[in-house]
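One-letter residues, chain by chain:
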Amino acid sequence: MSKLPNVGTTIFTVMSALAAQHKAINLSQGFPDFDCDDLLKKLVNEAMEDGYNQYAPMPGIMPLREVIAQKIHSLYGQQVNPDTEITITPGGTYAIFTAIATCIGPGDEVIIFEPAYDSYIPNVRVNGGVPVLIPLSYPDYSIDWNLVRSKITPRTRMIMINTPHNPTATIIGWEDLEELQKIVIEHNLLVLSDEVYEHLIFDGEAHLSILRYPELLRNSFVTFSFGKVFHNTGWKMGYCVAPAHLMAEYRKVHQYLCFSVNTPMQYGLSGYLQTPEHYLSLPGFYQQKRDYFLELMKDTRFTPLHSKGSYFQLMRYDRISDEGDKDFATRITREFGVASIPVSAFYENGKDDHVVRFCFAKKKETLEQAAERLRKI
Ligand code: GLN
């Protein structure tokens, strides 16, 4: 018996293992190869030393929820109640799963844009839901809202969005959110907005969080990650924001999934978030990495697509080979020692546009060494 008969091992584990096996530079799975801020580690250590080592309250410690509410107010102009509308979670992936488990049951349809982060579809299926897959238009990966409208049925319950988007590194526009709002209100749908790359957004663009739109927020779960933005993906820390009536239901599931999230890290993060510069500096920091990677890749035969946010840069390789992207990514890991992610892994039917995803959340030297190897292809 399997609830997920067609699911294998996630591509991130597969490619990271292949990278390790071949001692390749790992630009596949999205994680930084540099350490997080010493100050943040110190704050966590202090919390441990000070004895904050027992269960945190089920929704998370209040100082952390309060500072998140302040951040939301200053960045997105929204008053969110830290008591009833924010829950701290063990990571963004958990926050997403819990939102789906909270409201999706047998036969409920969930609109998912593809390429999609690889946990979304299995998360819906394991809860008995039906993923309704809508392709983003290659190569700009824009949303065709007429297509979305044509897919709405009486069983449609939720639309999932992700901005900045993994794997395509696109960001959602004002026009998209207006369309989304019209559809959500007309059909009384829920929105699950995955915003784990919230602060990794480039070229002066604003992050168009659902939190800016009170009408949309009324029907939404919005999920975030500390690991992605503060360079400590191994800590598995994140949070979910939703209006009180949805959050009450969310917490019914959360309290029996993990009950609460580790305490000292919550204290450390609450101290760290007191200084807005710690997150306000992130767009510039990551934009430099993107620009440096693009500069280094100029002398290769890869063709970059736009990267407007996230850790990622998509590259076409049609000037190099006509192999399928999985074969290509596997071969360059083995033969040239650089691991990437084949974008077809983010399509249930394996649609292959001959594009691979590189993660540039790496030290300068790592990017330099990777580019040197990629120039030989
Ligand atoms: N979000 C990361 C990525 O896209 C991977 C996270 C994971 O491996 N579960 O690469």
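Structure: see above.
Residues numbered from 1 in each chain as written. Predicted model: local features only at pLDDT ≥ 70, side-chain atom pairs only at ≥ 80, totals over all residues. Heavy atoms only, no water.

Undergrad: In this structure, what is going on with the pattern of salt bridges? I would like to understand it.
TA: Any two side chains of opposite charge can pair, so long as their charged atoms come close to each other. For the structure on display, the rule yields 17 salt bridges. With its nearest N and O atoms 3.7 Å apart, the salt bridge here joins arginine 155 to aspartate 108. In this pair, arginine 155 is assigned in the loop between helix 6 (145–150) and strand 5 (156–162) and aspartate 108 in the loop between helix 4 (92–103) and strand 3 (109–114), connecting sequence segments 47 residues apart. With its nearest N and O atoms 2.8 Å apart, the salt bridge here joins aspartate 318 to arginine 316. Salt bridges here are not isolated pairs; linked through shared partners, they connect Asp35, Asp38 and Lys41. (Salt bridge = Lys/Arg side-chain N within 4 Å of Asp/Glu carboxyl O. Helix = DSSP H or I, 4+ residues; strand = E, 2+ residues; numbered from the N terminus.)

Undergrad: Sorry if this is basic, but what is going on with the site of the ligand here?
TA: Around the ligand, the surrounding shell consists of Phe12, Gln29, Gly30, Tyr117, Asn166, Tyr197, Lys228, Phe312 and Arg357. Glutamine 29 places a polar side-chain atom, nitrogen or oxygen, 2.7 Å from an oxygen atom of the ligand. Tyrosine 117 is positioned such that a nitrogen or oxygen atom in its side chain is 3.4 Å from a nitrogen atom of the ligand. Summarising the interface, the protein chains cover 79% of the accessible area of the ligand, which totals 300 Å² for the free molecule. (Near = heavy atom within 4 Å. Polar contact = N/O pair within 3.5 Å; in protein donor to acceptor, adjacent residues only side chain to side chain. Areas by Shrake-Rupley, 256 points an atom, 1.4 Å probe, with all protein chains shown as cover.)

Undergrad: What am I meant to see in the packing of aromatic side chains here?
TA: Aromatic rings considered in pairs are described by the distance between their centres and by the relative angle of their planes. This model, assessed by the stated rule, comprises 24 aromatic pairs. For the ring pair tyrosine 197 and tyrosine 311, a centre distance of 5.4 Å and an interplane angle of 70° mean the geometry is edge-to-face. Within this pair, whereas tyrosine 197 is found in the loop between strand 6 (190–194) and helix 8 (214–217), its partner tyrosine 311 is found in the loop between strand 9 (303–304) and strand 10 (312–316), the two being separated by 114 residues in sequence. The same class applies to tyrosine 197 as to tyrosine 311, namely buried. Seen in terms of ring centroids, tyrosine 317 and phenylalanine 328 are 3.9 Å apart; in terms of plane orientation they differ by 5°. Their pairing is stacked. Here tyrosine 317 is found in the loop between strand 10 and helix 14 (325–336), whereas its partner phenylalanine 328 is found in helix 14, with eleven residues between them in sequence. No difference in accessibility class separates tyrosine 317 from phenylalanine 328, as the two residues are buried. Site record: aromatic cluster; members linked through ring pairs are Phe34, Tyr197, Phe285, Tyr286, Tyr311 and Phe312. (Phe/Tyr/Trp six-rings, centres within 6.5 Å; stacked < 30°, edge-to-face > 60°. Buried < 20%, exposed > 50% of the residue type's maximum accessible area, 1.4 Å probe, protein only.)

Undergrad: Just to check I follow, could you spell out the packing of helix 4 against helix 10 (residues 244–257) for this structure?
TA: How two helices pack is summed up by the angle between their axes together with the distance between the axes. Direction vectors running N to C along helix 4 and helix 10 enclose 120°, while the axes themselves pass 9 Å from each other. What the angle tells us is that helix 4 and helix 10 run oblique. Helix-helix and strand crossings are classified by hand; for helix 4 and helix 10 the assignment is right-handed. Listed contacts from helix 10 to Tyr94, Ala95, Phe97, Thr98, Ala99, Ala101 and Thr102 of helix 4 are Glu249, Tyr250, Val253, His254 and Leu257. (Axes fitted to C-alpha atoms, helices over the stretch in contact; angles between N-to-C directions. Parallel < 35°, antiparallel > 145°, perpendicular 65-115°, else oblique. Left-handed = near helix turned anticlockwise from the far one by under 90°. Contact = heavy atoms within 4.5 Å.)

Undergrad: How should I be thinking about the pairing of strand 3 in this particular structure?
TA: A regular strand places its side chains so that they alternate between the two faces of the sheet. The buried count for strand 3 comes to six of six residues, which makes it a mostly enclosed element. Burial along strand 3 is two-sided: the face carrying Glu109, Ile111 and Phe113 and the face carrying Val110, Ile112 and Glu114 are both buried. Two elements, strand 3 and strand 4 (residues 130–135), share six bridges in a ladder whose sense is parallel. Each bridged residue has a counterpart across the sheet, and for isoleucine 111 the counterpart in strand 4 is valine 132. Chirality of the crossover, the property in question, places the unit of strand 3, helix 5 (residues 120–126) and strand 4 among those that are right-handed. Sheet topology places strand 3 next to strand 5; four bridges connect them, and they run parallel. Bridge pairing in strand 5 places isoleucine 112 opposite methionine 160. (Pairing = 2+ DSSP bridges. Right-handed = clockwise from strand over helix to strand, strands pointing away.)

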